[in-house]
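Here are the chains, one letter per residue:
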Amino acid sequence: MTDWQAEAALDNARWCDLMCRAHGVPGTFTPLTWTNPSRTPPYYPDAVTLSPEATAADLLPRLDAGPGASIKDSFATLDLPGFDVLFEAQWIHRDAPARTGASWQVVQDEEGLAAWERACGLSGLFLPALLDEATIVHAPDLGSGAVLTATGPAVGVSNVFGDWDGVLATAAELFPGRPLVGYESDPAPALRHGFTAIGPLRVWLRA
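As a starting point, this report considers the structure included with it. (Residues numbered from 1 in each chain as written. Predicted model: local features only at pLDDT ≥ 70, side-chain atom pairs only at ≥ 80, totals over all residues. Heavy atoms only, no water.)

**Focus: the sheet that holds strand 4 (residues 70-73)**
Argument step 1. The 11 strands lie next to each other as 1-2-3-4-11-5-10-9-8-7-6, forming an open sheet whose pairing is mixed. For this open sheet the edge positions go to strand 1 (28-29) and strand 6 (105-106), each flanked by a neighbour on one side alone.
Argument step 2. Across two bridges, strand 6 lies against strand 7 (residues 135-139) in antiparallel orientation. Residue Gln105 lies in a different strand from strand 7, and its bridge partner there is His138.
Argument step 3. Across the sheet, helix 1 (residues 4-22) touches strand 1, strand 2 (33-35), strand 3 (47-49), strand 4, strand 5 (84-94), strand 8 (144-149), strand 9 (155-161), strand 10 (180-184) and strand 11 (196-205), and the angle it forms with strand 5 is around 115°. (Pairing = 2+ DSSP bridges. Helix = DSSP H or I, 4+ residues; strand = E, 2+ residues; numbered from the N terminus. Contact = heavy atoms within 4.5 Å. Axes fitted to C-alpha atoms, helices over the stretch in contact; angles between N-to-C directions.)

Here it is in structure tokens:
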């Protein structure tokens, strides 16, 4: 039986690593963790646990653990003295959505990526190198978009803004038959669209 929480954590860590590689600061994977010795781009953690067996000793020597360090505790199991909980969230999973024939456009170039960033209120964080490995989708007329990452048996869904129905329709067209995973600090909209909460996570920050 698939451990969807572990799959979601691994997919998310791969997305974090892709974001960091696009910014020239790649991280390192072990069976228990993903860590980055450099400070990562805004909104992205310096470490992600990939197993509930991971401890602070598996993480802290591998990153800059000074002020500003952030750790995604994927199973809400860590004890991290000196860190405060920045926020808590829920991993989510959904069986493969049905294909409807409707989908959003896939961002193909730097101009489209800049338009996507403006729509979600960001600037300069999402770089064109991301388009080689992630699928960034957009519905400009709806003011909606998301990132889809197909790194394992499930498709990761992140950075959703706007219409969840469109996210499902687009994922079904681009990755037919694949279940979906992700996390949300407010999972209610995803739960209304057929997702199930499958486990807690915490993000810790050292002030």
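Once the structure has been displayed, the description carries forward.
**What to know about the pattern of salt bridges**
Argument step 1. As enumerated under the stated definition, the model contains six salt bridges in all.
Argument step 2. One salt bridge connects Arg39 with Asp46, and the closest N-O pair in it is separated by 3.1 Å.
Argument step 3. Residue classification places Arg39 among the partly exposed positions, given a relative accessible area of 32%.
Argument step 4. A relative accessible area of 1% means that Asp46 is categorised as buried.
Argument step 5. The partner of Arg39 in a salt bridge is Asp64, with the nearest N and O atoms 3.5 Å apart. (Salt bridge = Lys/Arg side-chain N within 4 Å of Asp/Glu carboxyl O. Buried < 20%, exposed > 50% of the residue type's maximum accessible area, 1.4 Å probe, protein only.)

**Brief notes about helix 1**
Argument step 1. An ideal rise of 1.5 Å per residue puts 27 Å on 19 residues; helix 1 measures up with 27 Å between its terminal C-alpha atoms.
Argument step 2. Its side-chain oxygen at 3.2 Å from the backbone nitrogen of Gln5, Asp3 defines the N-terminal cap of helix 1.
Argument step 3. Among the residues trailing helix 1, Gly24 stands out with phi positive, at a value near 80°. (Expected span 1.5 Å × (residues − 1). Polar contact = N/O pair within 3.5 Å; in protein donor to acceptor, adjacent residues only side chain to side chain.)

**Some details on the pairing of strand 5**
Argument step 1. Inspection of the sheet shows strand 5 paired to strand 11 by nine bridges, in the antiparallel sense. Across the sheet, the residue bridging to Glu88 is Arg202, located in strand 11.
Argument step 2. In this structure, strand 5 lies alongside strand 10, joined through five bridges in antiparallel fashion. Of the residues in strand 10, the one forming a bridge with Gln90 is Glu184.

**Details of the nonpolar core**
Argument step 1. Judged by nonpolar contacts, the single largest core of 23 residues is most densely connected at Trp15, Phe126, Leu130 and Ile136.
Argument step 2. Where this core is concerned, the elements lending two or more residues are helix 1 and helix 3 (110-119).
Argument step 3. Of all the elements, helix 1 adds the most residues to this core, at seven residues.
Argument step 4. Not counting chain neighbours up to four residues away, the residues in contact with Leu130 comprise Trp15, Leu18, Met19, Ala22 and Ile136.
Argument step 5. Grouped together as the second largest cluster of nonpolar side chains are 16 residues, Ala146, Val155, Ala171 and Phe175 included. (Core = buried A, V, L, I, M, F, W, Y, C linked by side-chain atoms within 4.5 Å.)

**Remarks on the side chain of Thr40**
Argument step 1. Along the chain, Thr40 falls in the loop between strand 2 and strand 3.
Argument step 2. For Thr40, a relative accessible area of 11% gives the class buried.
Argument step 3. A polar atom in the side chain of Thr40 sits 2.6 Å from the backbone oxygen of Tyr44.
Argument step 4. For Thr40, the side chain forms a polar contact with the side chain of Asp46, separated by 3.0 Å.
Argument step 5. Not counting the four nearest positions on each side in its chain, Thr40 is found in contact with Cys20, Trp34, Pro45 and Asp46.

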